[in-house]
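Read off the chains here:
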Amino acid sequence: MDPGPAEAVEEVPNGRSSGKTEEDLNLAAIYVSDAQYNRNIFFHTSPRTVRLYLWYNHWLPQVLVYVFILVNLSLALFEEPALLPLPTWSTMLLELLCVLVFTLRLVHYASVIPRQRFWRDAKNICIIVVLLLTLVDMIAYGALSAANLYAVRWSRVLRPLLLINVTEGRQLRRAFRSIRKALPQIFYVYLLFIFSILIFSLMALKLLGKRQLTTLSGAPYFTSYLEVVFELYVLVTTANSPDVMMPAYNASSMLVVFFIVFILINTYIFMSVFLAVVFNNYKKNLKEEVRQLLIAKRHKMVRAFAVLQEGGGPSGEPVVTRDTWNRLLKLVQSDVGTAHRELLWSVCDHQNQGTIGKAAFMQLADLLNIEVITLKSRPHPLLHLVPAIYQSGPSRLVRRAVQHRAFVVVYDVIILVNAVFIGLDEENPVIANFEWGFLALYLLEIVLKLYVFEPRAFFSRHKFWNWFDTVIVVAALVATIINSFLKSAGNYTSRQVLDIVFILRVLRLIRVVDSIKRFRTIINTLVRIGPAILTFGQLILVVYYVFAVVGMELFKDKVKFLADKNDPASLYCGNPELRGSTFAQLNYCKNNFNNVVSSFVLLLELMVVNQWHDILLRPLEAQQASLLSSGFSITTQASAKIFFVLFHIIVVIVILNIFVAFILEAFYVEYSVEKGDLQTSLEKTIQDLELGVEQEKLEENLVNSMETDVDESRAEDSRPSLKFKIASKRYRTVDALLQRMFEADLLDDLGDGEDQGGGNFSNPAFDSA
């Protein structure tokens, strides 16, 4: 969607001129950065607005926004019903501060985009409405509380909308859009599924209702149509299997055929169809989203090139010079070193012309999204302090032994033997002494590695497993010493320290995974798609928060957990209506909506679906204490079922199926698809320039981008040097992963990326929240 005449922005400044001003570079840097991170903000291009926009995208205000969103959401911990009660005025003061921060952020955003664009953007309107409703609710709640009248903080349910609609919430909005677009097809399948439930329920009522069967507790069995519908719906989730079919099965073995057919059709066929429909529609909608992303990215790169271009090509075509390129990269990604910039330039200017054309420049955003690790090889400090000893024969032998594969195998065996001892009785003195021996061996391993490898390289930010081993071993040593001291002092009354020791011991076993190649491949794949998985984590958090807030208002104090088992009320969860119920007998009293934490735990149990009907629901005859006559509907009314069934439909049937669909596609791409052309070109350039790590040392380790197995000792070479490696196909952004997922399908769909007009380009798929 190109800007109309009323929204036109300034012409590209200084186009084709040889001298590029700071304003030119700032504007081009914004376009490239927006293309890299797929930001789609329509902004003015005046120097003042560009400066404001640069500050708007600075990491500090973005972090502050998320901090205050977290504070705003966390207020539910301190508001009634509260886990940690605070005075009402203090929580309102914090919420007012959050509203002020969100307002300032919104004003900042309004100052960089055209006014018409701001008011036509649905997410801005949504934020304004949420902030206004929050203020109204705060005033109303304060007034009603002051008058000692009943008041409800109804605006709390709107808080997650701020997380969705802030500018940085692009991934979350995309997930909600994908769900919205997939809903029509899901709805038709769900209608057919419900129709099947109703038909089978009618058959069950006619087949079993007149046989005068009873449940284990003596309640009538399948005598009410609504009860039959609900129980068969629960049976689809397998939560009440085989309990629901046992009265019929006990009466006649032939009746089990009905339940077998029902399970085959509804549990296996319909649930598989749900996943297939969700997968197909989600993939189609996501592919269209990514296509729009790529179009917008190309437009932004075209605009950046138009700002920086000069007329010095071999045939007079516009080009970007090397000096301009270096100045641009310093602004776009200041943490990229000189050697890394030279590497990227070599990829684009593969003919060594000193300039690059439009096609090569268009690759810059994708190049920056490929994670490249810079490996700095430094001489070991001991080489300067005690060169004679460090270069001696015994020292060389030790260093070769530590770097040999056998050293890793030996410590893997030690870890496995340690696992056996962890499972034995820790009170046995022999076992306890062996644990000291294992700790000594682990400490010796770290000391030997520090002797062989340069310490700064050993503890660099990419060395995940080195940090992991050191922290775990040192923490286990400290905890074991404290544990032994407390035991010897005779005042050891708490298991907390001992529990920490046990956990640290078990965590050491995780390192064995790194020794099995197939395990490494699977875990590496999961790590690469981790940021995309976090998007669905935010999505589930939003849904959980809304249902938790609503659930607290509907069901707070209906069920209570009493820690004092001598209190008679603990037998019926503090509510006489639950006396003798299966809910209380199963000791489900902690499954309540009395604070936001217990609400989240309860919703997690619902999402797992096992025993969810026992926790929450009952048939229409609440007086019968049967398995299904327990939970919140006993303490309220049968209509409480709607709340929980709605949660099941939204989370289990829709969101989790979409989550599974995304994982299937992303895992397939990362696990099986080869490297892209641009990544292959980058690797080739690294090798051509002899800046790559030797291939035999590039075997993928767990969390490959965090640890490499290159030989950093280089004891014989006292000169520092740089090497590069690509971080095992990892991507800096979720959008880069999505682009990789659909790269082959979209390659033929996109044009050549030519500019289609002046100014900024708006992506229609991202106009609404």
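Residues numbered from 1 in each chain as written. Predicted model: local features only at pLDDT ≥ 70, side-chain atom pairs only at ≥ 80, totals over all residues. Heavy atoms only, no water.

Let's talk about the pattern of salt bridges
A complete count under the given rule lists 15 salt bridges for this structure. The salt bridge partner of Glu-79 is Arg-156, with a shortest N-O separation of 3.5 Å. Of this pair, Glu-79 sits in the loop between helix H3 (59-74) and helix H4 (88-110) while Arg-156 is found in the loop between helix H6 (122-146) and helix H7 (160-165), placing the two residues 77 residues apart along the sequence. The structure contains a network of salt bridges with shared partners spanning Glu-79, Glu-95, Asp-137, Arg-153, Arg-156, Arg-159 and Glu-553. (Salt bridge = Lys/Arg side-chain N within 4 Å of Asp/Glu carboxyl O. Helix = DSSP H or I, 4+ residues; strand = E, 2+ residues; numbered from the N terminus.)

Here we look at helix H11 (residues 256-308)
The terminal C-alpha atoms of H11 lie 75 Å apart, and with 53 residues this matches the ideal 78 Å at 1.5 Å per residue to within 8%. Helix geometry: H11 is bent most strongly at Ile-263, by close to 25°. (Expected span 1.5 Å × (residues − 1). Bend = angle between axes of the 7 residues up to and from the residue.)

Topic: the packing of aromatic side chains
Evaluated as defined, the whole model comprises 35 aromatic pairs. Considering the side-chain rings of Tyr-31 and Phe-43, the 5.7 Å spacing of their centres and the 40° angle between planes classify their relative orientation as tilted. Of this pair, Tyr-31 sits in helix H1 (residues 22-37) while Phe-43 sits in the loop between H1 and helix H2 (47-56), and the two are 12 residues apart along the sequence. Look at Tyr-31 and you get buried, because its relative accessible area is 4%. With a centroid separation of 5.7 Å and an interplanar angle of 55°, the aromatic rings of Phe-305 and Phe-361 are classed as tilted. Of this pair, Phe-305 sits in helix H11 while Phe-361 sits in helix H14 (residues 358-361); the two residues are 56 residues apart in sequence, bridging distant segments of the chain. The exposure class of Phe-361 is buried, given its relative accessible area of 0%. (Phe/Tyr/Trp six-rings, centres within 6.5 Å; stacked < 30°, edge-to-face > 60°. Buried < 20%, exposed > 50% of the residue type's maximum accessible area, 1.4 Å probe, protein only.)

Some points on a nonpolar patch on the surface
A grouping of Trp-55, Trp-59, Leu-60, Val-63, Leu-64 and Val-67 is seen on the molecular surface, where their side chains present a nonpolar patch of about 570 Å² in accessible area. Of all the elements, H3 adds the most residues to the nonpolar patch, at 5 residues. Summarising the element assignment, Leu-64 is placed in helix H3. (Patch = residues over 30% accessible without salt bridge, like charges linked within 9 Å, V, L, I, M, F, W, Y side chains within 5 Å. Areas by Shrake-Rupley, 256 points an atom, 1.4 Å probe, with all protein chains shown as cover.)

Section: empty space enclosed by the protein
Overall, the coordinates contain 8 cavities of 30 Å³ or more when judged by the stated rule. Each pocket or cavity is described by its volume, and for the largest cavity that value is around 130 Å³. Lining the largest cavity are 14 residues, with Arg-105, Leu-106, Ile-127, Val-166 and Thr-167 sitting closest to its centre. Among the elements of the structure, H4, H6 and H7 are those that each provide at least two residues to the lining of the largest cavity. Take the lining of the largest cavity: its biggest share by element is 4 residues, from H4. When grouped by side-chain class, the residues that make up the lining of the largest cavity number 8 nonpolar, 3 polar and 3 charged. (1 Å grid on protein atoms, 1.4 Å probe; cavity = no way out; pocket = protein on both sides within 12 Å on 5 of 7 lines; lining within 4 Å. Points joined across faces, edges and corners; volume = space filled by probe spheres on them. Nonpolar A, V, L, I, M, F, W, Y, C, P; charged D, E, K, R; others polar.)

A few points about the state of the cysteines
Two cysteines joined by a covalent bond between their sulfur atoms form a disulfide. Tallying each qualifying case throughout the model produces 1 disulfide. The disulfide partner of Cys-573 is Cys-589, and the S-S distance across this bridge is 2.0 Å. One quick way to see it: the torsion about the S-S bond of Cys-573 and Cys-589 is about -70°, and its sign makes the bridge left-handed. Here Cys-589 lies in the loop between helix H26 (582-585) and helix H27 (596-608) and Cys-573 lies in the loop between helix H25 (530-555) and H26, a separation of 16 residues in the sequence. (Disulfide = S-S within 2.5 Å.)

Observations regarding the packing of helix H9 (residues 225-236) against H11
Running from amino to carboxyl end, H9 crosses H11 at an angle of 60°, the nearest separation of the two axes being 9 Å. Classified by the angle their axes make, H9 and H11 are oblique. The hand of the H9/H11 crossing is right-handed. Here H9 contributes Leu-232, Leu-235 and Val-236 to the contact with H11, which in turn contributes Phe-259, Phe-262, Ile-263, Asn-266, Thr-267 and Met-271. When its residues are assigned to classes, the contact of H9 with H11 shows 7 nonpolar, 2 polar and no charged. (Axes fitted to C-alpha atoms, helices over the stretch in contact; angles between N-to-C directions. Parallel < 35°, antiparallel > 145°, perpendicular 65-115°, else oblique. Left-handed = near helix turned anticlockwise from the far one by under 90°. Contact = heavy atoms within 4.5 Å.)

Let's talk about the confidence of the model for the chain
In this model, the chain carries an average pLDDT of 78, and 78% of its residues clear a pLDDT of 70 or more. Averaged pLDDT values over the elements of the chain bottom out at 56 in strand S4 (residues 721-731) and peak at 94 in H4. Predicted confidence for residues 617-630 stays below pLDDT 50, and this span has 52 contacts to residues more than four positions away or in other chains. Low confidence marks residues 752-769, where pLDDT is under 50. Its contacts with residues over four positions away, or in another chain, come to 60 contacts. (pLDDT = per-residue confidence, 0-100.)

What to know about the nonpolar core
Core analysis: the biggest nonpolar cluster contains 134 residues, and Val-32, Phe-222, Leu-232, Phe-259, Leu-328, Phe-361 and Leu-364 have the highest contact counts within it. Looking at this core, the element that brings in the most residues is H11, giving 19 residues. Sequence-distant contacts of Leu-232, defined by excluding residues within four places in its chain, comprise Ile-197, Phe-200, Ser-201, Ala-204, Phe-222, Phe-259 and Phe-262. (Core = buried A, V, L, I, M, F, W, Y, C linked by side-chain atoms within 4.5 Å.)

Quick notes on the environment of Ile-113
Following the sequence through the fold, Ile-113 ends up in the loop between H4 and helix H5 (115-120). In this structure the C-alpha to C-alpha distance between Ile-113 and Thr-45, which are 68 residues apart in sequence, comes to 9.3 Å. With residues up to four places along the chain from it excluded, the contact list for Ile-113 reads Ile-41, Phe-42, Phe-43, His-44, Phe-118 and Asn-124.

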